[in-house]
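Chain residues, written in single-letter form:
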Amino acid sequence: MTHREDIMTAGNRVVFVDGVRTPFGRAGEKGMYWNTRADDLVVKAMLGLIERNPTVPLDKIDEVAIAATTQQGDQGLTLGRTAGILAGLPRHVPGYAIDRMCAGAMTAVTTTAGGIAMGAYDIVIAGGVEHMGRHPMGFGADPNPRFLSERIVSADALNMGATAERLHDRFPALTKERADAYALRSQHKVAAAYAAGHIQADLIPVSAKTPAGWTLATVDEAPRPETTLEGLAGLKTPFRSHGRVTAGNASGLNDGATVCMLASEQTATELGLSVKMTMVSFAFAGVEPEVMGIGPVPATEKALRKAGLEISDIGLFEVNEAFAVQVLAFLDHFGIADDDPRVNEYGGAIALGHPLASSGVRLMIQLAHQFQRHPEVRYGMTTMCIGLGQGGTVIWENPHWNGAR
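Values in this document were obtained by computation on a predicted structure and should not be read as measured data.

Trainee: What am I meant to see in the overall build of the protein here?
Mentor: Scanning the protein for helices and strands turns up 13 helices and 12 strands. Its C-alpha atoms give the protein a radius of gyration of 20 Å, near enough to 22 Å, the size a compact globule of 405 residues would have. Viewed in the frame of its principal axes, the protein has a C-alpha envelope of about 60 × 55 × 50 Å. Burial status across the protein gives 58% buried among its 405 residues. At a minimum sequence separation of 6, the contacts of the protein that also span at least 24 residues come to 79%. When the accessible surface of the protein is summed, it comes to about 15900 Å², and 54% of that surface belongs to carbon and sulfur atoms.

What follows is the structure in structure tokens.
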């Protein structure tokens, strides 16, 4: 038995049953969710997930894990527990909050998956929410002064845009022109995915109160399909004079929520649940905080090693686009072309938005949809960089794979 086969047969196999998200909004007073509570966003997503899976007995749900980066106000107070109650889950269903900054929802998934693998859980709900309009990243935080006074990290380590500029410094081949070209492709991919109906099916409409009255949010607010290379080239570089990182080749500030349902393979079979993906392995890794964006590289190497796979085994990649340079650094390391069709087929956070702690499950939702359309692909990957110098990767197997076993 190979190492990979041993990993996949040991314990309880974890399956991704389903995942949904709210449309992502622009943060701030002009955004569609300015008057919407963060907990209401994640509750709406949970209700949508439950409605899509009516055969799941609610009293069989063992845990609710919901992530938020800035855990205060309406996205504080042990969010997994409060959201579960507000969504109408039985009172005996427990819940908790989790924080790993941008990889919050990803960590909610991997943590509860570990519980399933151990036999502690049969079915869980995991996800994340971020209302960056009301709770900006780092708002109210008090970093220990020793970080800077003892030169444990540089000041740039506490500013994600500055870390992206440092990544450009470290790898001169990662030019602004490449970053802008990548960003433009992300916008075009999102527009094409919307035109083909690949995104809308997993969006849960949200009623939102705007200055113009009540509206129903049904699509993402951030995409700019009219973007051009000329327009991108002329944008300011706010993190450094004559820098390379702009609002056009980075993700924006956004509001939104995601949730998914995981189960043991045995439970899914017993309840007749659909299986969209099977978890193969996952890994997190730390890197120098000053170049946070390189985090997906060691995390991916670790996840591949644990699965007994090579990068060539991966047929689809969902890489979070915190910054274009972060994706390009990942692609260059593994020898993958900037425009490889396996990467972010439906576009990424540069166009869709990046509501921090919710984004990990957005990657999984998109990969699950692509698996259905690509039965020739056996393995896919979701990966992202994480603030303060980390990366996270989850490798998934396609249950629709049509190859010989």
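Back to the write-up after that little detour.
Trainee: What am I meant to see in the side chain of T110 here?
Mentor: With respect to the helices and strands, the residue T110 is situated in helix α4 (residues 104–118). Look at T110 and you get buried, because its relative accessible area is 3%. Setting aside its immediate chain neighbours within four residues, T110 contacts F282, F284 and V394.

Trainee: I keep staring at the state of the cysteines and nothing clicks. Help me out?
Mentor: Any covalent bond linking the sulfur atoms of two cysteines counts as a disulfide. A complete count under the given rule lists 0 disulfides for this structure. C102 takes part in no disulfide bond, and the closest cysteine sulfur, belonging to C385, lies 6.1 Å away. We note that C260 lacks a disulfide partner, and the nearest cysteine sulfur, in C102, lies 18 Å from it.

Trainee: What is the right way to read the nonpolar core from this model?
Mentor: Taken as a class, soluble globular proteins show a tendency for nonpolar side chains to be buried jointly. Counting residues in hydrophobic clusters, the biggest one holds 42 residues, and the most contacted among them are F317, F323, F330 and I395. Taken together, the elements giving at least two residues each to this core come down to α6 (160–170), α7 (176–195), β9 (277–286), α10 (296–307), β10 (314–319), α11 (324–333) and β11 (379–386). Sorting elements by how many residues they give to this core places α11 first, with 7 residues. Beyond its immediate sequence surroundings of up to four residues, F323 is in contact with M160, G161, A164, V245, N249, A250, M292 and I350. Counting 38 residues, the second largest nonpolar core, distinct from the first, contains A103, A105, M384 and W396.

Trainee: Would you mind going over helix α13 (residues 359–373) with me for this structure?
Mentor: An α-helical segment advances 3.6 residues per turn. Residues three or four places apart therefore align on the same side. If you check α13, its first and last C-alpha atoms are 22 Å apart, about what 15 residues at 1.5 Å a residue would give, namely 21 Å. Most of α13 is tucked away, with 13 of its 15 residues classed as buried.

Trainee: Explain the environment of M132 to me, please; I cannot follow it from the model alone.
Mentor: The residue M132 is located in the loop between β5 (123–131) and α5 (146–149) in this model. Taking the C-alpha atoms as reference, M132 lies 9.9 Å from G252; in sequence the two are 120 residues apart. Look past the residues within four positions of M132 in its chain and what remains in contact with it is A27, M137, L253, N254, D255, H354, P355 and L356.

Trainee: Before we go on, may I ask you to explain α7 in this structure?
Mentor: Taking 1.5 Å of rise per residue, the 20 residues of α7 would be expected to cover 28 Å, and the 29 Å separating its terminal C-alpha atoms lies within 8% of that figure. Of the surrounding elements, those touching the buried residues of α7 are α6, α8 (229–233), α11 and α12 (349–352). G197 occupies a position one or two residues after α7 and carries a positive phi of about 75 degrees.

Trainee: Even after reading the chapter, I still don't get a nonpolar patch on the surface, so can you show me in this structure?
Mentor: On the surface, F147, L148, I152, L158 and L388 cluster together to form a nonpolar patch covering roughly 420 Å² of accessible area. With respect to the secondary-structure elements, L158 resides in the loop between α5 and α6. Assessed through its relative accessible area of 39%, L158 is described here as partly exposed.

Trainee: Can you walk me through the packing of helix α2 (residues 38–52) against helix α3 (residues 79–86) in this structure?
Mentor: Between two packed helices, both the angle of their axes relative to each other and the distance between the axes serve to describe the pair. Running from amino to carboxyl end, α2 crosses α3 at an angle of 60 degrees, the nearest separation of the two axes being 9 Å. Considering the angle they form, α2 stands oblique to α3. Regarding α2 and α3, the two cross each other, and that crossing is right-handed. The segment α2 lies against α3, with D39, V42, V43 and M46 engaging L79, A83, G84 and L86. Residue classes in the contact of α2 with α3 are distributed as 6 nonpolar, 1 polar and 1 charged.

Rules of the game
- Residues numbered from 1 in each chain as written.
- Predicted model: local features only at pLDDT ≥ 70, side-chain atom pairs only at ≥ 80, totals over all residues.
- Heavy atoms only, no water.
- Helix = DSSP H or I, 4+ residues; strand = E, 2+ residues; numbered from the N terminus.
- Rg over C-alpha atoms; globule rule 2.2 N^0.38 Å.
- Buried < 20%, exposed > 50% of the residue type's maximum accessible area, 1.4 Å probe, protein only.
- Contact = heavy atoms within 4.5 Å.
- Areas by Shrake-Rupley, 256 points an atom, 1.4 Å probe, with all protein chains shown as cover.
- Disulfide = S-S within 2.5 Å.
- Core = buried A, V, L, I, M, F, W, Y, C linked by side-chain atoms within 4.5 Å.
- Expected span 1.5 Å × (residues − 1).
- Patch = residues over 30% accessible without salt bridge, like charges linked within 9 Å, V, L, I, M, F, W, Y side chains within 5 Å.
- Salt bridge = Lys/Arg side-chain N within 4 Å of Asp/Glu carboxyl O.
- Axes fitted to C-alpha atoms, helices over the stretch in contact; angles between N-to-C directions.
- Parallel < 35°, antiparallel > 145°, perpendicular 65-115°, else oblique.
- Left-handed = near helix turned anticlockwise from the far one by under 90°.
- Nonpolar A, V, L, I, M, F, W, Y, C, P; charged D, E, K, R; others polar.

Everything listed is a geometric property; what it means functionally is a separate question.
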